Amino acid sequence: MGIDKYINRLNALEFGKMHQDDFFLTWERSLDELKAVYVVADALRYLRENNISSRIFDSGLAISNFRDNSTRTRFSFASAANMLGLTVQDLDEGKSQIAHGETVRETANMVSFMADVIGIRDDMYIGKGHTYMKEVAESVEQGYRDGVLEQRPTLVNLQCDIDHPTQSMADMMHIIHHFGGIENLKGKKIAMTWAYSPSYGKPLSVPQGIVGLMSRFGMEVALAHPKGYEIMGEVEEVAAKNAAASGGKFTKTNSMAEAFKDADIVYPKSWAPFAAMEKRTILYGNGDNDGIKALEKELLAQNAGHKDWECTEDMMKLTKEGKALYMHCLPADITGVSCKEGEVCASVFDRYREPLYKEAGFKPYVIAAMMFLAKCKDPQATLGALAAGNNSRFIG
Amino acid sequence: MGIDKYINRLNALEFGKMHQDDFFLTWERSLDELKAVYVVADALRYLRENNISSRIFDSGLAISNFRDNSTRTRFSFASAANMLGLTVQDLDEGKSQIAHGETVRETANMVSFMADVIGIRDDMYIGKGHTYMKEVAESVEQGYRDGVLEQRPTLVNLQCDIDHPTQSMADMMHIIHHFGGIENLKGKKIAMTWAYSPSYGKPLSVPQGIVGLMSRFGMEVALAHPKGYEIMGEVEEVAAKNAAASGGKFTKTNSMAEAFKDADIVYPKSWAPFAAMEKRTILYGNGDNDGIKALEKELLAQNAGHKDWECTEDMMKLTKEGKALYMHCLPADITGVSCKEGEVCASVFDRYREPLYKEAGFKPYVIAAMMFLAKCKDPQATLGALAAGNNSRFIG
Amino acid sequence: MGIDKYINRLNALEFGKMHQDDFFLTWERSLDELKAVYVVADALRYLRENNISSRIFDSGLAISNFRDNSTRTRFSFASAANMLGLTVQDLDEGKSQIAHGETVRETANMVSFMADVIGIRDDMYIGKGHTYMKEVAESVEQGYRDGVLEQRPTLVNLQCDIDHPTQSMADMMHIIHHFGGIENLKGKKIAMTWAYSPSYGKPLSVPQGIVGLMSRFGMEVALAHPKGYEIMGEVEEVAAKNAAASGGKFTKTNSMAEAFKDADIVYPKSWAPFAAMEKRTILYGNGDNDGIKALEKELLAQNAGHKDWECTEDMMKLTKEGKALYMHCLPADITGVSCKEGEVCASVFDRYREPLYKEAGFKPYVIAAMMFLAKCKDPQATLGALAAGNNSRFIG
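Residues numbered from 1 in each chain as written. Chains lettered and ligands numbered in written order. Predicted model: local features only at pLDDT ≥ 70, side-chain atom pairs only at ≥ 80, totals over all residues. Heavy atoms only, no water.

Chain B puts 36 residues into the contact, and the matching count from chain A is 33 residues. The tally of links from chain B across to chain A stands at three salt bridges. E106(B) is paired through a salt bridge with R72(A); the nearest N and O atoms lie 2.9 Å apart. Our count for the chain B to chain A interface comes out at 13 residue pairs in polar contact (both at pLDDT 80 or more). Counting residues per element, the ones that place at least two in the side of chain B that touches chain A are β1 (61-66), β2 (87-90), α4 (102-110) and α16 (379-389) of chain B. (Contact = heavy atoms within 4.5 Å. Salt bridge = Lys/Arg side-chain N within 4 Å of Asp/Glu carboxyl O. Polar contact = N/O pair within 3.5 Å; in protein donor to acceptor, adjacent residues only side chain to side chain. Helix = DSSP H or I, 4+ residues; strand = E, 2+ residues; numbered from the N terminus.)

Here you go:
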């Protein structure tokens, strides 16, 4: 059967520790574990394309907790839950008492009596999101051990202050499919570069997630940004270490052109300086609205000095044969379309629209695969049973 | 089996073009296609009444996008989706970036990776709702052709600026059931009349939908309103053309009494003048709040001159044997109950409460039938399979 | 089979009247009916623990109407619905027209075409919540009789102004499990006492629900509060009558220590005086914001005079062997943790955290059991069929 291809691939990987575990940061997972996510994501897509139900749950809840607005990730999470048979229940904090300390543990347990999965997005404040997720995960782990919860809900990080693993993993799947396999990535160059946007304060988790993940596959990862737009130092260290281990390279530059030079892949995207985000977190903590306004003004002025950081046709010409794969997590700030001056010119964006949408289309499968590997004790057996069961997703 | 009755009826109809197609306006669909909706709606009701599951989806999403508040249509859409096995996922625009132009295409694709159906209500601004829906439908059609989407989500118009097909189709089912079949409608008179309400700005899509649909069945459709409350000219033309083609009549009058005279069915309901709604759309576009307030004041004053447009017992006496079927899309403005002076007097409303509620009860089935016909390649076979499968909806 | 234990217990009880009926107040139900809820809740838990699907619905809606914010009850309701196969559809009143009188009947029918269950929380205004629920239940009963609704949605009171049955029933299950069976409760003493909180206006339905229910089992129910914090007189009468009938006792005191003395169970919790809540309801009705502010100030001042009503270690020492079971509906106001001075000291709360979480964990099962008994004609047969069907909840 077609499913055997995926089962055989899984058989060659070690990923047993993913069972009953959470997914916080890609660099906490082994390469085999990341590969297992890609294989299961492809397998779930195979099932769907063949109209075979991938429901492993007859009932059960997937709790979603979005501490920021979200369309793409929200729908991806809902799609992933639905694909596996779970019902999403939103934890709307406006209507709840989730706060700090003691209460996190309590609410985490109170909403999890029937929860198989918890998905959290909390990316706004430096030093908060990841910490909060850890606290939730530990709380439900404790609840499970105490017999409070009958199952151990596993947590999927839908974006924190450090990493955005469902995004970077979907991006990586796009790259793998584009280049025809992980084995073809060695030596490829990816430019993760800052780009100008008329807004400010875009999360760091995307560039951090990209350099933290792409450095695992023997690629040359070139991080480029104007001076002052440094990302989190500890993630740079992770990227450097990864690159060394995988036989790749991690380089830094303050020139967009240098990064684009001979690149196979470019990922130009605005983000806020890490130091500024740290400052903003403190200002928010102090309720210092004047301080926030002043900071915002300062950051916009700083941004305005770098309008030349745009992914133009000229920039694209610098890349490998002028044909690098352009990537973005969407929505992009497109010059003359969604804003006056932005991250990318309209003609480049238009040429890559279809692949960009396909890039985004991997996310529901990546999330579902993370859930699948966390919940199933023997994923190969479960995939086999789904294919053998051959229940139609749609009978019309 | 009981289901054969419905299958046989479908066998006599041509509706193949509905497969993978959207439902925007009733007058874009052939009479056979409309009849197919009624038959499938009845068939789904038959299944439910016999406790047979009508789930054709084991999983999948139905995206809902309500750009206005809604209770009835929201619940009808949720019910229809649930009946077929789909999970509703709301696209809350407060939390999304859906806007104009470029972004519509992008968001439409981003939310549709697992979407089988998209339902949209967007009726507030003249020249906007229908256009927006077309744009969404074209976007996902393109996405499907490009391989971005694995299935082609079909769009159901849950109310636009031009038509309210799920309402008018449910209303029509009520009429068909009341008079014992479509074949009995020839020559029947329906009065679609304006009625006074203390509010202003009620959508035109209801009267437009009614005259645009009811004129298909050989009935006499009498449109009545005070001078100045004209509906969209192009819909009047549609109604006139329909009436000519179906051997019916489409008449216009500025007298409620004239319309009620010998009517078999009356549908008295407030709406705003089309010209005023066009004006309001422009004012909103310009953010002209003073202009909007002035217009509102003007419209309320205009309304106040027509308080005699009320469906009273005396008015009802003018109808065929004084027993016309009173209809309304609900909620009605009931004199002395929900307002001081309104569309209908309490005694008339009370006498028709039960049939009014039944009228509303057709809507979930109509929406489900639209989805069913858009998704199923061979609806007769699928209905047969559901009946033969005989899975209980409820096993208690 | 393991399920037989529960079926046999049900066979010994009379609860036929629960079928197609609503659940408003525990004291409207016979002792056998309450016991049936406990047995079915345990049976559903048994199924879940054995990974056997408890879905009795293949599709269908559970309407939720939360007129106040809620996390715990909202998730419990969602969990219960999901466990049985129903999809929750929220009736968000901000988006609906539910109001008073005529409209309640209409909206209740409009949202219920596919509704199997309606859950309502409406506890804010004295004399309103229970009345509203009755009106909704009567409306859908009428709709069902008229043929408007194809099934009769049953109502579950998720908290009203009089009772909080899903809370008190879950609390009671906790007590039953703690003491090893209903038969062991005779003569046990439970102290339902007021406790200080820095907030005001906490609902009376919890203490009322507790004294109204716990008095059914031959226990000594000691209600304690400072002078002026009287609960609803008619509920006190219910408790007294219950106690007499069950061979228990119902006592009242204005001393926390007296209530704690030799208690087997303590339930210290803040609430607002009934008379003040009546006053507030009138002020809200009149839109008297100044009056509300004045009342709030007065109540906070009144509260401040009773900071000694705290469940401290010293208080706990007064209880039976110093080891009473500490209970709370959560979230509690914990001194030094969630507030400066509160209902309970941190060390007592911490010692009982695990049992408190377990107490809360009964609620989804209690709600599911109420739904199950209202919907299933022969619950024993349905439980047997579920166990025999042996469909996995999760196949991974």
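All names here are of chain A. Structurally, D123 can be placed in the loop between β3 (115-121) and α5 (129-145). Look at D123 and you get buried, because its relative accessible area is 8%. A distance of 3.1 Å separates a polar atom in the side chain of D123 from a polar atom in the side chain of Q159. Contacts of D123, omitting those with residues within four sequence positions, involve D68, Q159, C160, D161 and P203. (Buried < 20%, exposed > 50% of the residue type's maximum accessible area, 1.4 Å probe, protein only.)

Glancing now at the relation of the copies chain B and chain A. After a rotation of 120 degrees and a shift along the axis of 0.0 Å, chain B superposes on chain A with an RMSD of 0.0 Å. Within this description, the copies of the chain are treated as partners about a three-fold rotation axis. Relative to the rotation axis, the closest C-alpha in chain B is found at T87(B), a distance of 4.8 Å. Take the interface residues of chain B: only 3% of them recur as interface residues in chain A, which is what a contact between different surfaces looks like. (Least-squares fit on C-alpha atoms with pLDDT ≥ 70 in both.)

Now for the packing of helix α14 (residues 353-361) of chain B against helix α15 (residues 363-375) of chain B. All names here are of chain B. One can describe the packing of α14 onto α15 by two numbers: an axis separation of 5 Å at closest approach and a directional angle of 15 degrees. It follows from the interaxial angle that α14 and α15 lie roughly parallel. Two secondary-structure elements touch here, α14 through E359, A360 and G361 and α15 through K363, P364 and Y365. Residue composition of the contact of α14 with α15, grouped by class: three nonpolar, one polar and two charged. (Axes fitted to C-alpha atoms, helices over the stretch in contact; angles between N-to-C directions. Parallel < 35°, antiparallel > 145°, perpendicular 65-115°, else oblique. Nonpolar A, V, L, I, M, F, W, Y, C, P; charged D, E, K, R; others polar.)

Another aspect to go through is helix α15 (residues 379-389) of chain C. All names here are of chain C. Those residues of α15 that fall on the buried side of the exposure criterion are P379, Q380, T382, L383, G384, L386 and A387. Looking at the buried residues of α15, the elements they touch are α1 (3-11), α2 (31-49) and α14 (353-375). N390, located one to two residues past α15, shows a positive phi value of around 55 degrees.

Next up on the list: the pattern of salt bridges. Residue and element names in this part refer to chain B. If you walk through the whole model with that rule in mind, you get 63 salt bridges over all chains. Of the charged contacts, one joins E141 and R152 as a salt bridge, the two residues approaching to 2.7 Å between their closest N and O atoms. Note that E141 is positioned in helix α5 (residues 129-145) and R152 in the loop between α5 and β4 (154-160), a separation of eleven residues in sequence. Note that D314 is salt-bridged to K317, the shortest N-O span being 3.5 Å.

Turning next to the interface of chain B and chain C. Across the boundary between the two partners, chain B contributes 33 residues, which contact 36 residues of chain C. When the two sides are added together, the surface that chain B and chain C hide from each other amounts to roughly 3200 Å², 54% of it contributed by carbon and sulfur. Sorting the residues of chain B by area buried against chain C places F75(B), Y357(B) and R393(B) first, and these three jointly supply 22% of that buried surface. A salt bridge links R45(B) to E150(C); the shortest N-O distance between them is 2.8 Å. Across the contact surface, chain B and chain C share 14 residue pairs in polar contact (both at pLDDT 80 or more). The element best represented in the side of chain B that touches chain C is helix α3 (residues 72-84) of chain B, accounting for seven residues. When its residues are assigned to classes, the side of chain B that touches chain C shows 13 nonpolar, nine polar and eleven charged. (Buried area = accessible area lost by both parts, 1.4 Å probe.)

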